[in-house]
Amino acid sequence: MSASDASGNFNEAEIRSAMAASGSVVIMMGARYLGKIRDLLVSMDYRKPVVVIENGTRPDQNVSFFRQPLDITAEYANSPALIVTGQIINLREVGRKDEDKIRN
């Protein structure tokens, strides 16, 4: 889902709805809304992991893992960024085994 609505505003209602309905959500283009997303998750008492992937698939890719939203201290991330929430993040070790094969 997108972090912003068609008007370019923070997509709080859609994100809230998706978070309530699903265990894992991927929020695209969430870099400028990271602090708002964190605050929304905290207000929902969301206590699952969150990952911020900046510049995904690029040589300067940065992946930040957080045990829960309260651990996120930044208000913004480098764009482009994906924000991934939920227990799916715990499968990251499975992906790391084949990361070199995927990148090459």
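Residues numbered from 1 in each chain as written. Predicted model: local features only at pLDDT ≥ 70, side-chain atom pairs only at ≥ 80, totals over all residues. Heavy atoms only, no water.

## Quick look at the sheet that holds strand S2 (residues 50-54)
So, point 1. Within the open sheet, the 4 strands sit side by side as S1-S4-S2-S3. Their pairing is antiparallel. The open sheet has two edge strands with one neighbour each: strand S1 (25-28) and strand S3 (62-66). With strand direction ignored, the average angle separating the axes of adjacent strands in the sheet is 15°.
So, point 2. Judged from the 5 bridges that link them, S2 and S3 form a sheet pairing that is antiparallel. Paired with Ile53 across the strands is Val63, a residue of S3.
So, point 3. Those strands touched by helix H2 (residues 34-43) are S1, S2 and strand S4 (81-85), and its axis lies near 10° from that of S4. (Pairing = 2+ DSSP bridges. Helix = DSSP H or I, 4+ residues; strand = E, 2+ residues; numbered from the N terminus. Axes fitted to C-alpha atoms, helices over the stretch in contact; angles between N-to-C directions. Contact = heavy atoms within 4.5 Å.)

## Re unusual backbone geometry
So, point 1. In this chain, Ser79 is followed by Pro80 through a cis amide linkage whose omega measures 0°.
So, point 2. Structurally, Pro80 is set in the loop between S3 and S4.
So, point 3. Positioned with a positive phi, Asp45 is a non-glycine residue whose angle comes to about 55°.
So, point 4. Note that Asp45 resides in the loop between H2 and S2.
So, point 5. Of the residues examined, Asp45 reaches a relative accessible area of 49% and is grouped as partly exposed.
So, point 6. The backbone of Thr57 shows a phi angle near 70°, a positive value even though the residue is not glycine.
So, point 7. Assignment of secondary structure puts Thr57 in the loop between S2 and S3. (Buried < 20%, exposed > 50% of the residue type's maximum accessible area, 1.4 Å probe, protein only.)

## Details of the pattern of salt bridges
Between side chains of opposite charge, a pair can form as their charged atoms come close.
So, point 1. Tallied over the entire structure, the rule returns 4 salt bridges.
So, point 2. With a closest N to O distance of 2.7 Å, Arg38 and Glu75 form a salt bridge. Pair noted here: Arg38 is in helix H2 and Glu75 is in the loop between S3 and S4, with a separation of 37 residues, a long-range link.
So, point 3. Residue class for Arg38 comes out buried when judged on its relative accessible area of 11%.
So, point 4. The exposure class of Glu75 is partly exposed, given its relative accessible area of 41%.
So, point 5. One network of salt bridges, with partners in common, ties together Arg38, Asp39 and Glu75. (Salt bridge = Lys/Arg side-chain N within 4 Å of Asp/Glu carboxyl O.)

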